[in-house]
Every structure is written in C-alpha cells, then in structure tokens.
Amino acid sequence: MIKACLFDLDGTLLPLDTESFVRIYLKELAGKVKHLIAPDQLIQTIWEATEAMMKSGDGTRTNEQIFEREFLKRSGLDREIIWPLFNQFYEQDFPKLSKYTKVSPLSRKVVQAAVDQGYKVVVATNPVFPKAAIMERLKWAGIDDLPFQWVTVYEEAHYCKPNPEYYLEVAARIGVRPEECVMIGNDMQEDMVASTTGMKTFYLKSEYQINRGKPTYPVDDAGDLQSLLESIQQQTGVFEKRDFEPSIR
C-alpha cells in the first residue's frame, strides 16, 4: 500500500523549462562575482563541480560538501571570499528570477490532496541547489507552507538523481519502504529510475516532460496534473488501495 508521495519540483509542481532557467540563473550568478572570476570560467567550473557531485556515490559526504570541495579545487578561490557572495545572491537576487516561471493552481491542490489522504509527502527535487534556492522555488509554486516530511536540498542529501541511492535515502529518511512510495515526476531518466528501487511511478505529461531516449524505465501510471489530482482524490490507478500486500519471497 502506498504510504508516501514523492513529488519532483521543476517541470512537475513548478511549471518550468529547467534547461532554459538554469542558463538564466547561471548568467545572473556569474554577473554577481565577475570581479573575482570570469563569467565563462565560473559557469564551466560550476558545471564541472555539479557533475562531480551528481556522479559521486560516496554517501558519507553531503552534496554540498562535494560541490564545495570540487568548486574550490577547480576555481582556486578561497571559500571565505566567494561563498558569502553566493549566499548573498540566493538571498537577494535569486528571488527575482520568479518572472521566468509560471504558477499552476493545480500544484497546490495535488499536494494538499496527498496530505488529505494521509500520505507522507516529500519534495523530491534533485538536490543540486542550496536550500535557499529550493525553498524559494517552493514559494513560486505556492506550496511552501504545506507539511512536507522532507525537501531534498544539497545541504542534507548525499546523492543526486538519477542515482537510485537518492530514492533509497528519501525512503529511509521518512521511515517507509521503497515499495510504499510513488515517485511523481516529468523526467523519464531522473524520476522514473525510482522504479529500480521498487517504488511505483507516475510520469507527468506536460509541455515540460523530459525523455532523453535512453534508458527508459517502467511507468505505473501517467497523465497530466488534473488526472494526477483525480487519481489521488479518488484513489485510482497507482494510488488504489489494496486490501492486502503480496508476500515477499
């Protein structure tokens, strides 16, 4: 029986073209620190550090610790000089980027429906951003005040999508088995990979859905936000409650 709903954020609860948004975001961040590092160099260094963070299977260090180590090593900058500027950017400048996103009134209804059904609810966004940036995007989506069990941020998470360990960490964090979770997202490769851990999946179909072609994963249910809302409210599809669970042999 499903006990937890894991929601992706960008392109799922927050209507957003992730690739376009990240380009804008990095350009703005680069402008903030151009007196310390050339914009092109900063962006390249961030991508390299992010890639190292996403590929890490360490599990003993947070994503933040890995990113910080790799960024400082590659850039040659002192943390005491660059990090306060990064923090200032997220506090003062990042909120202004909301103009590049949209708001869907269904997003709040969907999450609230999951809460009303008694599910544990997680914002299972790829934890490659600081908490300040992720919490700000929850505001843009109009869901920041809802009772989430966990929002995966890079200060706390130890893995990134599409590593299956990311999903196992989420399940362990909220005290459920992977088989008791449904992952809801718009990205075939990063979200539907949750199926490899035993989680059920709901593939969100919209103008923001992502499918890079390979690999592909089993999808238990699919539809737009309206059909997702109806499935949760009516307990149909992947949310249908079973009277029994098959024994594990």
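Residues numbered from 1 in each chain as written. Predicted model: local features only at pLDDT ≥ 70, side-chain atom pairs only at ≥ 80, totals over all residues. Heavy atoms only, no water.

Looking up the protein in an unreviewed UniProt entry gives the name HAD family hydrolase, with the organism given as Thermoactinomyces intermedius.

A.B. asks: In this structure, what is going on with the pattern of salt bridges? I would like to understand it.
C.D. replies: Where side chains of opposite charge bring their charged atoms close, a pairing between them can arise. One pass over the full model with this rule turns up 20 salt bridges. Note that E70 and R69 form a salt bridge whose closest N and O atoms lie 3.0 Å from each other. According to the relative accessible area criterion, R69 is partly exposed, its value standing at 41%. Between E70 and K73 there is a salt bridge, with the nearest N and O atoms lying 3.3 Å from each other. Taken together, the residues E70 and K73, both in helix α3 (residues 63-75) and 3 residues apart, mark about one turn of the helix. Take E70: its relative accessible area is 7%, and that puts it in the buried class. The class of K73 is exposed, set by a relative accessible area of 58%. (Salt bridge = Lys/Arg side-chain N within 4 Å of Asp/Glu carboxyl O. Buried < 20%, exposed > 50% of the residue type's maximum accessible area, 1.4 Å probe, protein only. Helix = DSSP H or I, 4+ residues; strand = E, 2+ residues; numbered from the N terminus.)

A.B. asks: Would you mind showing me how to read the packing of aromatic side chains here?
C.D. replies: How two aromatic rings sit relative to each other is given by the distance of their centres and the angle of their planes. Evaluated as defined, the whole model comprises 18 aromatic pairs. With a centroid separation of 4.9 Å and an interplanar angle of 85°, the aromatic rings of Y166 and Y167 are classed as edge-to-face. Classification of Y166 as buried rests on a relative accessible area of 0%. Three or more aromatic residues joined by ring pairs make a cluster, and in this case those are F21, Y25, F89, Y90, F94, F129 and W140. One Lys or Arg, R137, reaches over the ring of F129 and ends 4.5 Å from the middle of that ring. (Phe/Tyr/Trp six-rings, centres within 6.5 Å; stacked < 30°, edge-to-face > 60°. Lys NZ or Arg CZ within 6 Å of the ring centre and 35° of its normal.)

A.B. asks: I tried to follow the packing of α3 against helix α4 (residues 79-93) on my own but got confused; where do I start?
C.D. replies: Interhelical geometry of α3 versus α4 gives an angle of 120° and a closest axis separation of 11 Å. Judged by the angle between their axes, α3 and α4 are oblique. The crossing of α3 and α4 is right-handed. The residues of α4 that touch α3, namely those facing F67, E68, F71 and L72, are R79, I82, W83 and F86. (Axes fitted to C-alpha atoms, helices over the stretch in contact; angles between N-to-C directions. Parallel < 35°, antiparallel > 145°, perpendicular 65-115°, else oblique. Left-handed = near helix turned anticlockwise from the far one by under 90°. Contact = heavy atoms within 4.5 Å.)

A.B. asks: Mind showing me how you'd approach the pairing of strand β2 (residues 120-123) here?
C.D. replies: Looking along a regular strand, one sees the side chains alternate between the two faces of the sheet. Alignment of strand β1 (residues 4-7) against β2, held across 4 bridges, turns out to be parallel. The partner of F7 across the bridge, within β2, is V123. (Pairing = 2+ DSSP bridges.)

A.B. asks: Can you help me understand the layout of surface pockets in this one?
C.D. replies: Empty space left among the atoms is revealed by rolling a probe the size of a water molecule over them. The space that makes up the largest pocket amounts to roughly 1100 Å³. In this structure, the largest pocket is lined by 43 residues; those nearest its centre are T18, V22, W47, V128 and F129. If you list the elements that add at least two residues to the lining of the largest pocket, you get α1 (18-32), α2 (39-55), α3, α4 and α6 (131-141). The element best represented in the lining of the largest pocket is α1, accounting for 7 residues. Along the lines of polarity and charge, the residues of the lining of the largest pocket split into 19 nonpolar, 6 polar and 18 charged. (1 Å grid on protein atoms, 1.4 Å probe; cavity = no way out; pocket = protein on both sides within 12 Å on 5 of 7 lines; lining within 4 Å. Points joined across faces, edges and corners; volume = space filled by probe spheres on them. Nonpolar A, V, L, I, M, F, W, Y, C, P; charged D, E, K, R; others polar.)

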